[in-house]
Amino acid sequence: MADTETPQVIRRADYAPPAFLIDTVALEFDLVPERTVVRNTMRIRRNPDAVRATHLELMGEALQFVEASIDGKPYANVHAHEHGLTVDNVPDSFELTLTGICNAAANTTLSGLYVSSGNFFTQCEAEGFRRITWFLDRPDVMATYTVTLRADKAAYPVLLSNGNLLEQGDLPDGRHFARWEDPFRKPSYLFALVAGKLVALEERVKSGSGKEKLLQVWVEPHDLDKTRHAMDSLIHSIRWDEERFGLELDLDRFMIVAVSDFNMGAMENKGLNIFNTKYVLANPETATDTDFSNIEAVVGHEYFHNWTGNRVTCRDWFQLSLKEGLTVFRDQEFSADMASGGSTVENQAARATKRIEDVRVLRQMQFAEDAGPMAHPVRPESYVEINNFYTMTVYEKGSEVVRMYQTLFGREGFRRGMDLYFKRHDGQAVTCDDFRHAMADANGRDLAQYERWYSQAGTPRITVDTHYDASQKRYTLTLTQGYGDAASAARETQKGPLLIPFAIGLIGEDGNDMPLRLEGEASASPQTTRVLEFTGKEQSFTFVDVAEKPLPSLLRNFSAPVVVEYDYTADELAFLLAHDSDPFNRWEAGQRLATRELLTLAEHAATGNALELDDTVVAAFGRVLNDETLSPAFRELALMLPSEAYLAEQMDESNPAAVHSARQFVRKRLASALKGDWLAVYERHQTPGAYEPTPEAGGHRALKNLALAYLAELDDPADAVRLAKAQYDAANNMTDRAAALSALLTAAASKGGAEAADALGDFYRRFENEPLVIDKWFALQAMQRGTKARPVIEIVRKLMAHPAFTLKNPNRARSLIFSFCSANPAQFHAADGSGYAFWAEQVIALDALNPQVAARLARALELWRRFTPALRDQMRAALEKVAAQAKSRDVREIVEKALA
Ligand code: B3K
Ligand code: ZN
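Residue numbers here run from 1 along each chain, matching the order of that chain's written sequence. All chains are assigned letters beginning with A, and all ligands numbers beginning with 1, in the order in which they are written. In keeping with the predicted nature of the model, local features appear solely for residues at pLDDT of at least 70, side-chain atom pairs appear and are counted solely at 80 or more, and the whole-chain, interface and lining totals rest on all residues. Side-chain calculation: all heavy atoms of the structure are included, whereas hydrogens and water are not.

**Student:** What is the right way to read the overall build of the protein chain from this model?
**Tutor:** Runs of H or I in DSSP of at least four residues are treated as helices and runs of E of at least two as strands, each being numbered from the N terminus. Scanning the protein chain from N- to C-terminus turns up 27 helices and 31 strands. Structurally, the protein chain occupies a C-alpha span of about 90 × 70 × 60 Å along its principal axes. The buried label goes to any residue with under 20% of its type's maximum accessible area, the exposed label to any with over 50%, and the partly exposed label to all in between, with areas taken from a 1.4 Å probe on protein chains only. Out of the 900 residues in the protein chain, the part that is buried amounts to 59%. Only the protein chains shown count as covering a residue, and every accessible area follows the Shrake-Rupley method with a 1.4 Å probe. Just so you have it, the protein chain exposes about 33800 Å², and 50% of that area is on carbon and sulfur atoms. Placing the 99 positive and 126 negative side-chain charges of the protein chain at their respective mean positions leaves the two points 1 Å apart. None of His or the chain ends enter the tally, which takes Lys and Arg as positive and Asp and Glu as negative. In this description, the location of a charge corresponds to atom NZ of lysine, CZ of arginine, CG of aspartate or CD of glutamate.

**Student:** Explain the sheet that holds strand β27 (residues 500-507) to me, please; I cannot follow it from the model alone.
**Tutor:** Backbone hydrogen bonds hold the strands of a sheet together, and the pairing may be parallel or antiparallel. Between any two strands, pairing holds if DSSP finds at least two bridges. Read from one edge of the open sheet, three strands run β28-β27-β30, paired in antiparallel fashion. Each end of this open sheet is capped by a strand with a single partner; those strands are β28 (530-534) and β30 (551-554). For this sheet, the mean angle separating the axes of adjacent strands, direction not counted, is 35 degrees. Pairing geometry for β27 and β30, over four bridges, is antiparallel. Each axis is a line fitted through C-alpha atoms, and for a helix only the stretch in contact is used; angles between axes span 0 to 180 degrees, taken between their N-to-C directions.

**Student:** I'm lost on the coordination of the zinc ion (ligand 2) in this one. Help?
**Tutor:** Think of it this way: four donors in a tetrahedron around the metal ideally sit 109.5 degrees apart, and six in an octahedron ideally sit 90 or 180 degrees apart. Distances from the zinc ion (ligand 2) to its protein donors, His301 (NE2), His305 (NE2) and Glu324 (OE), fall within 1.9 to 2.1 Å. Donors, by definition, are the N, O and S atoms found within 2.8 Å of a metal, the threshold being 3.2 Å for Na, K and Ca, and water is not counted, so a site can look incomplete. Each donor residue of the zinc ion (ligand 2) belongs to the same chain, and together they define the spacing H-x3-H-x18-E. Residue His301 is classed as buried on the basis of its relative accessible area, which comes to 7%.

**Student:** It is not clear to me how the site of ligand 1 should be interpreted in this structure. Could you clarify?
**Tutor:** What makes a residue near a molecule or strand is one non-hydrogen atom of that residue sitting within 4 Å of it. Around ligand 1 sit 15 residues, and of these Glu125, Glu268, Glu302, Asn387 and Tyr395 come closest. Distance and chemistry together define a polar contact, namely a pair of N or O atoms within 3.5 Å, with one atom able to donate a hydrogen and the other to accept it when in protein, and with adjacent residues in sequence counting only for side-chain atoms on both sides. At 3.2 Å, a side-chain N or O of His305 approaches an oxygen atom of ligand 1. Measuring from a nitrogen atom of ligand 1, one finds a side-chain N or O atom of Gln852 at 3.4 Å. Within the complex, 94% of the 340 Å² of free accessible area of ligand 1 lies under protein. Secondary structure elements with two or more residues in the shell around ligand 1: β20 (266-267), α2 (289-304) and α3 (320-339). Of the residues belonging to the shell around ligand 1, the class tally is six nonpolar, four polar and five charged. Where each domain begins and ends is defined by an automated method or by a domain database. Taken domain by domain, the shell around ligand 1 gets at least three of its residues from each of domain 2 (198-290) and domain 3 (313-455). In this classification, the charged set is Asp, Glu, Lys and Arg, the nonpolar set is Ala, Val, Leu, Ile, Met, Phe, Trp, Tyr, Cys and Pro, and all remaining amino acids, among them Gly, are polar.

**Student:** Can you walk me through the domain arrangement of the protein chain in this structure?
**Tutor:** A common way to state how big an interface is: give the accessible area lost once the parts meet. When cut into domains, the protein chain gives domain 1 (1-195), domain 2 (198-290), domain 3 (313-455), domain 4 (461-567) and domain 5 (617-899). Here the C-alpha centre of domain 3 lies 23 Å away from the C-alpha centre of domain 2. Of the roughly 1100 Å² buried at the junction of domain 2 and domain 3 (both faces included), carbon and sulfur atoms supply 56%. Ranking the residues of domain 2 by area buried against domain 3 places Trp240, Arg244 and Phe245 at the top, with a combined share of 61%. One speaks of a salt bridge when a side-chain nitrogen belonging to Lys or Arg is within 4 Å of a carboxyl oxygen belonging to Asp or Glu. In this structure, the connection of domain 2 to domain 3 is made through four salt bridges. Linking Asp337 and Arg244 is a salt bridge whose minimum nitrogen-to-oxygen distance equals 3.0 Å. Counting every contact that joins domain 2 to domain 3 gives eight residue pairs in polar contact (both at pLDDT 80 or more). Tallied by class, the residues present in the side of domain 2 that touches domain 3 amount to three nonpolar, four polar and four charged. Summed over both partners, the accessible surface that disappears when two parts come together, traced with a 1.4 Å probe, is what is meant by buried area.

**Student:** Sorry if this is basic, but what is going on with the side chain of Glu636 here?
**Tutor:** Here Glu636 lies in helix α12 (residues 632-639). Here Glu636 occupies a buried position and makes no salt bridge, while the nearest side chain of opposite charge, Arg360, is found at 5.9 Å. A contact between two residues is defined here by any heavy atoms of the two lying within 4.5 Å. Discounting residues that sit within four places of it in the chain, Glu636 has contacts with Ala702, Leu703 and Leu706.

**Student:** Is there a simple way to think about the packing of aromatic side chains in this case?
**Tutor:** The geometry of an aromatic ring pair is captured by the separation of the ring centres together with the interplanar angle, meaning the angle of the planes. Two aromatic rings from Phe, Tyr or Trp, using only the six-membered ring of Trp, form a pair when their centres are within 6.5 Å; if the ring planes differ by under 30 degrees the pair is stacked, by over 60 it is edge-to-face, and anything between is tilted. Under the criterion given, the structure shown has 40 aromatic pairs. With a centroid separation of 5.2 Å and an interplanar angle of 65 degrees, the aromatic rings of Phe329 and Phe414 are classed as edge-to-face. With Phe329 in helix α3 and Phe414 in helix α5 (residues 392-425), the pair connects residues that are 85 residues apart, well separated along the chain. The buried category is assigned to Phe329, whose relative accessible area is 0%. Between Tyr383 and Phe389, the ring centres sit 6.3 Å apart and the planes meet at 45 degrees, which makes this aromatic pair tilted. Tyr383 gets classed as buried once you look at its relative accessible area, which sits at 7%. For Phe389, a relative accessible area of 3% translates into the label buried. Members of the aromatic cluster, each reached through a chain of ring pairs, are Trp240, Phe245, Phe254, Tyr303, Phe304, Phe329, Phe334 and Phe414.

**Student:** Would you take a moment to explain the UniProt feature "domain: Aminopeptidase N-like N-terminal" (unreviewed entry) in the protein chain for this structure?
**Tutor:** UniProt positions are given in the numbering used here, feature names are shortened, and annotations may be inferred rather than shown by experiment. With numbering aligned to this structure, UniProt lists the feature "domain: Aminopeptidase N-like N-terminal" (unreviewed entry) at residues 88-190. Taken end to end, residues 88-190 is 0% helix and 53% strand, and its first and last C-alpha atoms sit 28 Å apart.

**Student:** Help me understand the sheet that holds strand β29 (residues 538-543), please; the structure alone is not making it clear to me.
**Tutor:** Taken together, the four strands give an open sheet; going across it, the order is β29-β26-β25-β31, and neighbouring strands pair in mixed fashion. The open sheet is flanked by β29 and β31 (563-565), the only strands paired with a single partner. The sheet shows a mean angle of 25 degrees between the axes of neighbouring strands, taken without regard to direction. Two elements, strand β26 (residues 474-482) and β29, share six bridges in a ladder whose sense is antiparallel. Directly across from Tyr475, in β29, lies its bridge partner Phe543.

**Student:** Would you mind going over helix α21 (residues 792-800) with me for this structure?
**Tutor:** Side chains of residues three or four places apart in an α-helix project in the same direction, reflecting 3.6 residues per turn. Among all positions of α21, only Val792, Ile793, Ile795, Val796 and Leu799 are buried. Along α21, the residues classed as buried sweep out an arc of 160 degrees about the axis, all on the same side. Check the buried side of α21 and you find it contacts α20 (771-782), α22 (810-823), α23 (825-828) and α24 (834-849). Picture the helix axis, draw a direction to every C-beta atom, and the arc is the one those directions span.

**Student:** Can you help me understand unusual backbone geometry in this one?
**Tutor:** Generally, phi is negative for residues other than glycine and the peptide bonds are trans, each holding for most cases. Cis rather than trans, the peptide bond between Glu125 and Ala126 has omega equal to -5 degrees. Within the element layout of this structure, Ala126 appears in the loop between β11 (119-123) and β12 (142-152). A positive phi angle, close to 65 degrees, is found at Asp173, a residue other than glycine. Inspection of the secondary structure puts Asp173 in the loop between β14 (164-170) and β15 (175-187). Asp173 sits in the exposed class, given a relative accessible area of 70%.

**Student:** It is not clear to me how the packing of α20 against α22 should be interpreted in this structure. Could you clarify?
**Tutor:** The description of two packed helices rests on the angle between their axes and on the distance between the axes. For the pair α20 and α22, interaxial distance at closest approach is 8 Å and the crossing angle is 10 degrees. Classed by the angle they form, the pair α20 and α22 counts as roughly parallel. Our pair here, α20 against α22, has a crossing hand that is right-handed. Note on element contacts: α22 touches α20 through Asn811, Arg812, Ser815, Leu816, Ser819 and Phe820, opposite Pro771, Leu772, Ile774, Asp775, Phe778, Ala779 and Ala782. When grouped by side-chain class, the residues that make up the contact of α20 with α22 number eight nonpolar, three polar and two charged. Working definition: roughly parallel below 35 degrees, roughly antiparallel above 145 degrees, roughly perpendicular at 65 to 115 degrees, and oblique for all remaining angles. The handedness criterion is simple: a crossing whose near helix is rotated anticlockwise from the far helix by less than a right angle is left-handed, and one whose near helix is rotated clockwise is right-handed.

**Student:** Got a minute to help me understand the pairing of strand β7 (residues 78-81) in this structure?
**Tutor:** Across a regular strand the side chains alternate sides, sitting on one face of the sheet and then on the other. Relative to strand β8 (residues 84-87), β7 runs antiparallel, the two being bridged by four bridges. Bridge pairing in β8 places Ala80 opposite Leu85. In this antiparallel pair of consecutive strands, β7 and β8, the connection spans two residues.

**Student:** Sorry if this is basic, but what is going on with the packing of helix α9 (residues 570-579) against helix α11 (residues 615-626) here?
**Tutor:** At their nearest, the axes of α9 and α11 sit 10 Å apart, and the two run at 0 degrees to each other. Classified by the angle between their axes, α9 and α11 sit roughly parallel to one another. Residue-level contacts link Ala570, Asp571, Ala574 and Leu577 of α9 to Thr616, Ala620, Arg623 and Val624 of α11. The residue makeup of the contact of α9 with α11, split by class, is five nonpolar, one polar and two charged.

**Student:** What exactly am I supposed to notice about the pattern of salt bridges here?
**Tutor:** When the charged atoms of two side chains with opposite charge come close together, those side chains can pair. In this structure the tally under the stated criterion is 75 salt bridges. Put simply, Asp291 and Lys776 hold a salt bridge, and the shortest N to O gap is 2.5 Å. Remark: Lys776 occurs in helix α20 and Asp291 occurs in helix α2; sequence separation between them is 485 residues. The same class applies to Asp291 and to Lys776, which are both buried. Connected through salt bridges with shared partners, the residues Arg244, Glu333, Asp337, Arg351, Arg403 and Arg411 form a single ionic network.

**Student:** Please clarify how the state of the cysteines should be interpreted in this entry.
**Tutor:** Here a disulfide denotes a covalent bond joining the sulfur atom of one cysteine to the sulfur atom of another. Working definition: a disulfide is two cysteine sulfur atoms within 2.5 Å of each other. Within the structure shown, the criterion is met by zero disulfides. Looking at the unpaired Cys102, the closest cysteine sulfur is the one in Cys124, lying at 10 Å. Judged by its relative accessible area of 5%, Cys102 is buried. Cys314 provides the cysteine sulfur closest to Cys432, a residue in no disulfide bond, and the two sulfurs are 7.2 Å apart.

Here it is, written out as structure tokens:
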């Protein structure tokens, strides 16, 4: 097999440096949708550090070969094939020019060069560049690029690529050109071009060293009024990276371009970030508070990649978390700092809100991934299709693995490690080990054991035993670590104990933190939270001078991505919820209390027993609801029950119907028992006046809308309907309007209601020309409560035929199909298997159009083995159907691993 043919499984252990290096690339594009001619001139030389090869193998896909020349002379000794191009008998150093043609108009994969709304865009990560031209399309081949774009001037007035604009001008026949140069060496996955009818919001800012920078946010003309927030987010990101990490923007110009057809969130191409419109466009009428904060986070994330990803990149794709885990950590810290008003630790509560949201995502999605057939270490050992490994594990667990360095060494120690990392590796393609070594060396530590965080899959479980010796005033915690009965994909990787930073506090009877003095220490430390370094399989820590029996506050601020098992009583959890000085653990106590109760109720529901709710839960939730000393944003998070998906995953056999009954029962009980309080909170947390997307105002809206959602659960939801209808009509922002519509849909499920239908109709008419809002319209309906008379699958199937629906636009497909299959478990897992049949049809249909999106949807069934037998059998049948028909490597890898 030629080396560019993709083997079945790619292994990390097989890494070998490239036989050739490419120093410079000059690309010329004649942009025509069906027939773009690409001329690619590369300066190539043998890699002195690799074994000598007789021929050069370049990767290429879906390309039509035209001609080749070496050092300016036509060269016939080339062979184009399905996976690339072989060039025989090459000298040691030469200039190779290849001309090929690609069909951007026919490209529905949205990888490589494609057309969206009549404009040209590219997406190259991970392996899309080879769909544009033949290349050593791997991240350890870094070159400088000059790019010339030529196109019809009327149809494509704007021509953009990476770096700085060198010149532009007119050509004969109504065409024009632009020439761009990126002065920094980069891997091919960071290449980008954009051409079309676009307009920009522009700002000029001065960077830390006083240099002027041009910032642009490019969109279609009708979207220019939705770019301010993205621009502000970019400016804040630039400032933040200078202040927190001393990292300055290295180009004179930085561009963001929005495109509505996009496979994921955004892409960090050097100097020319390309974004899904969903993470750029926002104004109060069209975007929710969540959209506003997501935009800030994603703009930050892509900008931060300029250093963590672009200046220092990955040696190979197994190192993906080197840039993704680190950059997620950076964007999480950025959002936390923005919410708490600067990079200080003062406003702990605002930071905690962000932390809670991040941990909720990690636990709900990454822990589930780690428990199934796709479980893999943060640095995977093998893959079939790399696009399947842009996962929660690589991103979110990867971020936790980076965060733990900061937990161990403090902010200053972490910064020292970052500084050393850039000093050693700027301009290089490196590995996760290089990052770990920089952290270790900058802090004078041996971090050999820490490597296991990168190589072991599965979620660690820590069991905690405590003993208080009243006569000696000694308190001993014994921690044991393991993985429980992990899925086989994870078990194979588990070799030994991890270095776990385990943050803890001890709480006295008065609810205050107690002083902490570990055995052997001269005196108690001023901090009442201590990070214990837990490295053994089992390890004990003894605190002395402990005046009374404490209540332990474990894993404060979620100091490691693990599950903690400790037998708290319901009263103890209620006490922690009321008193813990660590806001994360206050929230956590409420979640534990609710989870335990909900799981008991789900077992009862599964066996047909009557449901009854413990008063401790109602009382504890009531106290939080009415505690005006807590921020509204925090209260909203604390009063939200764990999701159905998370709860189902905690059961021995996942039973979505039973979980749904239990959760609904609790929601109704909390709604009715606290009805007066919900109504009062609803009134008290109105945000009159102009809309402001601040965390404070957003917190009020979140709590108010949660109150509305609870009220909509009442058997007689008349109050909720009245309030929701008034809120819908009067709303001056999308957060309130969408929440009102959602409450009307909920109320309609128990009572039926013309109000919901009217509001849905109005919503569609009002926002017909706003695709991102129409996505919300589809999603709200796909996620709604179903009834026996009207199961949601019927509504979804009907919406598939709606003129505004198309499978080709990933946002639209996600809004209807993914929302139903992944965010409406009770309806998707209907006992008759109708959800699974629908899923199989859609995965197969998407597979033919866009394998990356299809493979994401394919993952909705991967945990099938954990479900009740009746569902399990039907899920397997659906998976087998997809396995028999799917063509792409992407989908095949997912379903074959699920069935293995
Ligand atoms: N690096 C891109 C993701 C590319 C995904 C390719 N399937 C966006 C990001 O993480 O910033
Ligand atoms: Zn990223």
